[in-house]
Amino acid sequence: MTLLDVTHLSLDIGCYPVLKDVSFHIEPGEIVAVTGESGSGKSMTALAVMQLLPERARAKGYVTLNGTQLLDQSEAQMCALRGQSIGMVFQEPMTALNPVKTIGAQVMETILIHKAMPREQAEARAREVLERVGLPEDRFPLSRYPHELSGGQRQRVVIAMAIALRPKLLIADEPTTALDVTTQAQILSLLKDLVQDYGMGLLIITHDLAVVADLADRIVVMRHGEVVETGHTGWLLRNMRHPYTRMLFAASNHKVALPDPPAPAPLLEVKGAVRDYKTPRPSLFAKPGTFRAVNDVSFTLNRGERLGLVGESGCGKSTLTRAILGLEPLQDGEIRLDGAPVTNQLDPAVRRKMQVVFQDPYGSFNPRHRVDRLITEPFHMLPDPPSGAARRDLIAETLTAVGMKPEDAGKYIHQFSGGQRQRIAIARALITRPELIIFDEAVSALDVSVRARILDLLAELCAAYSLTYLFISHDLSVVRTITDRCLVMQKGEIVEQGGTEEVFSNPQHPYTRQLIAAAPVLPDLDQGAA
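Model, not experiment: these values are computed from the prediction. (Residues numbered from 1 in each chain as written. Predicted model: local features only at pLDDT ≥ 70, side-chain atom pairs only at ≥ 80, totals over all residues. Heavy atoms only, no water.)

Draft legend 1. Quick peek at the overall build of the protein. Tallying secondary structure elements over the protein gives 20 helices and 20 strands in all. On C-alpha atoms alone, the protein measures out to a radius of gyration of 25 Å, which is about the 24 Å that the 2.2 N^0.38 rule sets for 530 residues. With the principal axes as the frame, the protein shows a C-alpha extent of 70 × 60 × 50 Å. In the protein, of all internal contacts separated by at least 6 residues, the share reaching a separation of at least 24 is 70%. By element, 49% of the accessible surface of the protein is carried by carbon and sulfur atoms, the whole surface being about 23,600 Å². Positive and negative side-chain charges in the protein, numbering 56 and 61 respectively, have mean positions lying 4 Å apart. (Helix = DSSP H or I, 4+ residues; strand = E, 2+ residues; numbered from the N terminus. Rg over C-alpha atoms; globule rule 2.2 N^0.38 Å. Contact = heavy atoms within 4.5 Å. Areas by Shrake-Rupley, 256 points an atom, 1.4 Å probe, with all protein chains shown as cover. Lys, Arg positive; Asp, Glu negative; His and termini not counted. Charge placed at Lys NZ, Arg CZ, Asp CG, Glu CD.)

Draft legend 2. Focus on the packing of aromatic side chains. For the coordinates displayed, the defined rule picks out 3 aromatic pairs. With centroids separated by 6.0 Å and ring planes inclined at 35 degrees, the aromatic side chains of Phe439 and Phe471 adopt a geometry described as tilted. Of this pair, Phe439 sits in strand β17 (residues 436–440) while Phe471 sits in strand β18 (residues 469–472), and the two are 32 residues apart along the sequence. Take Phe471: its relative accessible area is 0%, and that puts it in the buried class. In this structure an aromatic cluster arises from ring pairing among Phe439, Tyr469 and Phe471. In this arrangement the basic side chain of Arg275 is found over the ring face of Tyr277, its NZ or CZ atom lying 4.4 Å from the centre. (Phe/Tyr/Trp six-rings, centres within 6.5 Å; stacked < 30°, edge-to-face > 60°. Buried < 20%, exposed > 50% of the residue type's maximum accessible area, 1.4 Å probe, protein only. Lys NZ or Arg CZ within 6 Å of the ring centre and 35° of its normal.)

Draft legend 3. Highlighting the sheet that holds strand β12 (residues 290–302). Spatially, β12-β11-β14-β15 is the arrangement adopted by the 4 strands of the open sheet, whose pairing is antiparallel. On the outer flanks of this sheet lie β12 and β15 (340–341), each paired with one strand and no other. Across 5 bridges, the pairing between strand β11 (residues 266–278) and strand β14 (residues 332–337) is antiparallel. Residue pairing across strands places Lys271 opposite Glu334, the latter belonging to β14. Packed on one face of the sheet, helix α11 (residues 317–324) meets β11, β12 and β14 and runs near 60 degrees to β12. (Pairing = 2+ DSSP bridges. Axes fitted to C-alpha atoms, helices over the stretch in contact; angles between N-to-C directions.)

Draft legend 4. Main features of the packing of helix α6 (residues 151–163) against helix α7 (residues 181–198). Orientation of α6 relative to α7, taken along the N-to-C sense of each, is 15 degrees, at an axis distance of 10 Å. What the angle tells us is that α6 and α7 run roughly parallel. Considering how the two elements wind past one another, α6 and α7 form a crossing that is right-handed. Of α7, the residues touching α6 (which contributes Gly152, Gln155, Arg156, Ile159 and Ile163) are Thr183, Gln186, Ile187, Leu190, Leu191, Leu194 and Tyr198. (Parallel < 35°, antiparallel > 145°, perpendicular 65-115°, else oblique. Left-handed = near helix turned anticlockwise from the far one by under 90°.)

Draft legend 5. Local environment of the sheet that holds strand β3 (residues 31–35). Overall, mixed pairing links the 6 strands, which are arranged β6-β7-β8-β3-β9-β10 in an open sheet. Since the sheet does not close on itself, it has two edges, and those belong to β6 (86–89) and β10 (226–232), each with one partner. With direction set aside, neighbouring strand axes in the sheet form an average angle of 15 degrees. When strand β7 (residues 169–173) meets strand β8 (residues 201–205), the two strands line up parallel, connected through 5 bridges. Across the sheet, the residue bridging to Ala172 is Ile204, located in β8. Strands β3, β6, β7, β8 and β9 (218–223) of the sheet are contacted by helix α1 (residues 42–50), whose axis makes an angle of about 150 degrees with β7. Against the sheet, α7 touches β3, β7 and β8, its axis set at about 150 degrees to β8.

Draft legend 6. The nonpolar core, seen in detail. Ranked by size, the top nonpolar core spans 58 residues in total, and within it Val107, Leu130, Val157, Ile159, Leu170, Leu202 and Ile204 carry the most contacts. Per-element accounting of this core gives the leading share, 7 residues, to α6. Membership of the second largest hydrophobic core comes to 52 residues, among which are Val310, Phe365, Ala429 and Val503. (Core = buried A, V, L, I, M, F, W, Y, C linked by side-chain atoms within 4.5 Å.)

Draft legend 7. Representation of unusual backbone geometry within the structure. Here the phi dihedral of His8 falls at roughly 50 degrees; this positive angle occurs in a residue that is not glycine. Examined against the element boundaries, His8 turns out to sit in strand β1 (residues 4–13). If you check the backbone angles, Lys491 has positive phi at about 50 degrees while not being a glycine. Looking at the secondary structure, you find Lys491 in the loop between β19 (485–490) and β20 (493–499). Residue classification places Lys491 among the exposed residues on the basis of a relative accessible area of 69%.

In structure tokens, the structure reads:
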């Protein structure tokens, strides 16, 4: 019997149609990937299966799990099915976990709510599933809290919660978007193993087409709430018939033409940088120690050059970035920008030469302010900021440079899509014409076509403004596309550096080879179509 059968599913919220005649199915032990751009209806399809729909939502059609029509179930009946028959893994584990409850309590919660077994057995099951997802009790006791774990470890806890009662169907909504390539590979391998071991069906929602090609048995491509193409993975990759499917896969393999870097002239110099943190006392009788997050890091970034920085979560990328921005003190070594020392007591004249673009543009903007105020926030660092007509002209010029309209200055940030918000974030970084821009995972949360447009924008801005930037990302394909040189960081140290293409095509360090091997790669589409 088919495990999940979605037939002619349509969904309206108020008078707005969100899903239109969506149909697909999942067999036991099968992995089906639903892919498409942001707003295509991927996540809403998953929520319709779970019956976790917003108010005023009206669903029509058939969503059957082992023959049970879910759209006819009451909320009480669905509560009995969620967790027991259907498990859900969300994109951001920190928001899915309760920060004040231990991981053991949270895994046990599903078991106890469904009264599947007594508390003693529930605790034993929690240990069992946490060990099954790679968190054995000798290293990760049930008494740990979410903040004591890394991002990948927290995602394993969320998976343990979802499989605690061995549901027949597991839904994973963008489960690896924020993870580095090696952690992503581990999580995807874990999900594949769980499907094989338990015979469950897996519905994975993702915009990462390399993940789709490597993991899924079948692919469902969605656009504007409709299924535009579906089929077995190998067949679909060889026979992409819909123009939108071809566009998505072309965007995933998107190449960017960067201008040639100018002659070397150091702008940023990092020499022997060391950053230590004090660690808490492991016991009442032990002394606190230190953790070295950045260890003897040295490199230069020349004017007009684009430098990439890659490495796993916890390797020291973020700590090094904060030190470059003057937000973290060094225990040893030095950082200089245009010859001036960078410290945590940074001279405003030096600080205004740097800007940063963050991963989440919405989170880095005040939602109560209009765009004109948001992108001119850096003006407070200028000794003589423009005003009146000069200010309006500069706002209009900068918005136009990033592909927005001058009239967008009067709007609020919630009125824009994710890609547009990132363009506005780039406008804020550009408006004071800084010497150095740091892009911190600036495209990791964007779907492939939006990401391609942002990367093209960066290439255009490089040519127009001779940009110098440090591009930090866990997405190796993006770093390969958008940088001239690349640094590879592991456990606080730079283990390899050189020209980007040379590092990727001929990696010397075992860790670099491990990173590249862990990154999912799309098959050659030209050969596939032949």
